[in-house]
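Read off the chains here:
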Amino acid sequence: MKRARFTLIGDAHVEGVLDELVQKASRAVLRFVLKDNLKALVLAGSYGRGEGGIVTRDLVQHPSGTLDLILLVVGLRSPAREKLATDAGAALETLRRRYLVKIDLSVVDAHAVERDRASLRWYEARHGHRHLAGDPAFLPGLARFTEGALDRAEAFDQIVHRGGLLVLNDLILASGPLSPERREAVLSQAADAVLGFGDAFLLRRSAYHWSEVERWRRMGDRATSA
């Protein structure tokens, strides 16, 4: 069976790097959770959807984005979940430094997710994720997390959150000459802000989709039909 991709256009090298990194990150996290407390470990976000970005440096492709790991647990109260997140997050630091990739880890009560509103986060995670451990049917089984059930008020949250990136860019640009890394950050944050405004537009018009690629296509259709 053909292995699912992490990126849209990455070559075999960057796909292999990401596969190795995700496997190591999974093992690092799972060391801190008992089997009875594990509901599922998934890779969400752009890499979980197979739409992750890349950057080319010295003719070699590297990951350009964040690994969004979600550990869904049962039978753990908030203090225990917080400790687990702290301990596992610290264990991931070596991988962050070695691979120069951002890795976010969320430790979430699985039962709370089942009761949660149909937010963008869980709608996207349900439809676009890579299962790493635990129950593979948990997220797909959250049948009420559909596009039609999304809260349209989240469009405002998108604008505020992504618009804040432009404010941050102003502060960076005002602080002096840009290093290559800071320049890359400014460009990335500007792109994220533009995409966020587009997401808000689609959400308010009941045309949102869990795939970022599909959202690009839908925005293009509206631009050409305007």
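First, a word on what this report is: a plain description of the structure on this page. Each chain carries its own residue numbering, running from 1 in the direction its sequence is written. Reporting in this predicted model follows two pLDDT cut-offs: at least 70 for local features of residues, and 80 or more for side-chain atom pairs to be given and counted; totals over whole chains, interfaces and linings ignore these cut-offs and use all residues. The side-chain figures draw on all heavy atoms in the structure; neither hydrogens nor water molecules are used.

1. Structural notes on the pattern of salt bridges
Then, in step 1: Just to be clear on terms, a salt bridge is a Lys or Arg side-chain nitrogen sitting within 4 Å of an Asp or Glu carboxyl oxygen. In total, this model carries 14 salt bridges according to the counting rule given.
Then, in step 2: Residue Arg-5 pairs with Glu-15 through a salt bridge whose shortest N-O separation is 3.5 Å. Highlighted residues: Arg-5 in the segment before helix 1 (12-30) and Glu-15 in helix 1, separated in sequence by ten residues.
Then, in step 3: Assessed through its relative accessible area of 35%, Arg-5 is described here as partly exposed.
Then, in step 4: The residue Arg-217 makes a salt bridge to Glu-214 at a minimum N-O spacing of 2.6 Å. In this pair, Arg-217 and Glu-214 are both assigned in helix 9 (residues 212-225), three residues apart and thus about one turn of the helix distant.
Then, in step 5: Relative accessibility under 20% of the residue-type maximum defines a buried residue, over 50% an exposed one, and the middle range a partly exposed one, all with a 1.4 Å probe and only protein chains included. Judged by relative accessible area, Arg-217 falls into the partly exposed class, the value being 43%.
Then, in step 6: Accessibility expressed as a relative area gives 17% for Glu-214, which makes it buried. Where helices and strands are cited, they refer to DSSP runs of H or I of at least four residues and of E of at least two residues respectively, numbered from the N terminus.

2. Re the pairing of strand 3 (residues 60-63)
Then, in step 1: Every second residue of strand 3 is oriented toward a common face, the buried set being Gln-61 and Pro-63 and the non-buried set Val-60 and His-62.
Then, in step 2: Bridge count for strand 2 (residues 54-57) against strand 3 is four bridges, and the pairing is antiparallel. Note that in strand 3 the partner of Arg-57 across the bridge is Val-60.
Then, in step 3: Paired strands are those between which DSSP finds at least two bridges. The hairpin formed by strand 2 and strand 3 contains two residues between the paired strands, and Asp-58 there has a positive phi angle of roughly 55 degrees.

3. Details of a nonpolar patch on the surface
Then, in step 1: On the surface, a nonpolar cluster with roughly 390 Å² of combined accessible area is contributed by Leu-8, Ile-9, Val-213 and Trp-216.
Then, in step 2: Structurally, Ile-9 is set in the segment before helix 1. Like charges within 9 Å and nonpolar side chains (Val, Leu, Ile, Met, Phe, Trp, Tyr) within 5 Å are joined into patches, using only residues over 30% in relative accessible area that form no salt bridge. Computed by Shrake-Rupley with a 1.4 Å probe, the accessible areas treat only the displayed protein chains as cover when residues are assessed.

4. So, the sheet that holds strand 1 (residues 38-44)
Remark on secondary structure: sheet strands pair via backbone hydrogen bonds, oriented parallel or antiparallel.
Then, in step 1: Within the open sheet, the four strands sit side by side as 5-4-1-6. Their pairing is mixed. In the strand order of this sheet, the two ends are held by strand 5 (102-109) and strand 6 (130-134), each with one partner. Mean inter-strand twist for the sheet, computed between neighbouring axes without regard to direction, equals 20 degrees.
Then, in step 2: Two elements, strand 1 and strand 6, share four bridges in a ladder whose sense is antiparallel. Residue pairing for strand 6: Ala-40 is matched across the bridge by Gly-134.
Then, in step 3: Here helix 1 sits on the sheet in contact with strand 1, strand 4 (66-73), strand 5 and strand 6, set at roughly 30 degrees to strand 4. As a rule, the C-alpha atoms of each element are fitted with a line to give its axis, helices using only the stretch in contact, and angles between N-to-C directions run from 0 to 180 degrees. Contacts are assigned to residue pairs that have any heavy atoms within 4.5 Å of one another.

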